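# Coordinates in review
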Amino acid sequence: QYALENPDNPRLQWAIGHAYTLRGERDRAIPYFEQAIALGDTSDRTLRELANISLAAEDFEQAASYYQLLLQQNPNDVEAHSALAFVAARQGQVDEAIMHNQAVLQQAPNDYDSLKNLAILFQQAQRWQEALDAARQAQVVAPEAEQPSWIQFITDLETQMAAQN
């Protein structure tokens, strides 16, 4: 009832959207977050909610636009850079994915996922030395269970490098 009487309250619109998100009803949450934005709420929390919903729905273009808005507000937002790296990689934009993973590492130098992603992305781009460097860094911080995979990956990279020379 209060929501119906106060449709111009962006905080209320956000709260309703958030409640729907918590209940797993993302589709019902979206209009409330969008209304909050239309009413002037461009806070991190509102943009992040919409970005995460879009990402979960695999609406990569929409997710990327919200994450870009987050980066305009905070260029060092690790979560936004990480998500944009994922989106770029999914869309085959290797250089863009590399750039965002490197931005994550500027803030979190031992971020395992970004190091792992860089090793794979550099390999895809046939940037062998950078792939090898990233793989070695990833191996250092990798969980023990993943060590054998990293040893094999590094060996394969070294073989690929030797074949190129």
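### Re the environment of alanine 131
Tracing the chain through its elements places alanine 131 in helix H9 (residues 128-141). As a C-alpha pair, alanine 131 and asparagine 74 span 57 residues in sequence and 29 Å in three-dimensional space. When near neighbours in sequence (up to four residues on either side) are disregarded, alanine 131 contacts Ala119, Phe122, Gln123 and Leu157.

### A few points about unusual backbone geometry
Across residues other than glycine, the phi torsion is negative in most instances, and most of the peptide bonds are trans. Of note, the phi angle at glutamate 58 is positive, near 60°, even though the residue is not glycine. Relative to the helices and strands, glutamate 58 resides in the loop between helix H4 (44-56) and helix H5 (60-73). For glutamine 126, which is not a glycine, the phi torsion comes out positive at approximately 55°. As for its position among the elements, glutamine 126 is in the loop between helix H8 (112-124) and H9.

### Looking at the confidence of the model for the chain
Here the chain shows a mean pLDDT of 94. Residues at 70 or above account for 96%. Summarising per-element confidence for the chain, the mean pLDDT is lowest in helix H1 (residues 2-5) (60) and highest in helix H7 (residues 94-107) (98).

### Observations regarding the pattern of salt bridges
Pairing of side chains with opposite charge becomes possible as their charged atoms draw close. Inspection of every chain in the model, using the stated rule, returns 9 salt bridges. For arginine 23, the salt bridge goes to glutamate 25, with nearest N and O atoms at 2.7 Å. Among the residues examined, glutamate 25 registers a relative accessible area of 21% and is labelled partly exposed. Shared partners join several salt bridges into a network, and the residues in it are Arg23, Glu25 and Arg28.

### A look at the nonpolar core
The biggest cluster of nonpolar side chains holds 23 residues, and the ones touching the most others in it are Phe33, Leu55 and Tyr67. Contributions of two or more residues to this core are made by helix H2 (10-22), helix H3 (26-38), H4, H5 and helix H6 (78-90). Ranked by residue count, the leading element in this core is H5, at 7 residues. With residues near it in sequence (within four places) discarded, leucine 55 still touches Phe60, Ala63, Tyr67, Ala83, Phe86 and Val87. Listed in part, the 22 residues of the second largest apolar core include Ala88, Ala97, Leu121 and Ile154.

Definitions and limits used
Residues numbered from 1 in each chain as written. Predicted model: local features only at pLDDT ≥ 70, side-chain atom pairs only at ≥ 80, totals over all residues. Heavy atoms only, no water. Helix = DSSP H or I, 4+ residues; strand = E, 2+ residues; numbered from the N terminus. Contact = heavy atoms within 4.5 Å. pLDDT = per-residue confidence, 0-100. Salt bridge = Lys/Arg side-chain N within 4 Å of Asp/Glu carboxyl O. Buried < 20%, exposed > 50% of the residue type's maximum accessible area, 1.4 Å probe, protein only. Core = buried A, V, L, I, M, F, W, Y, C linked by side-chain atoms within 4.5 Å.

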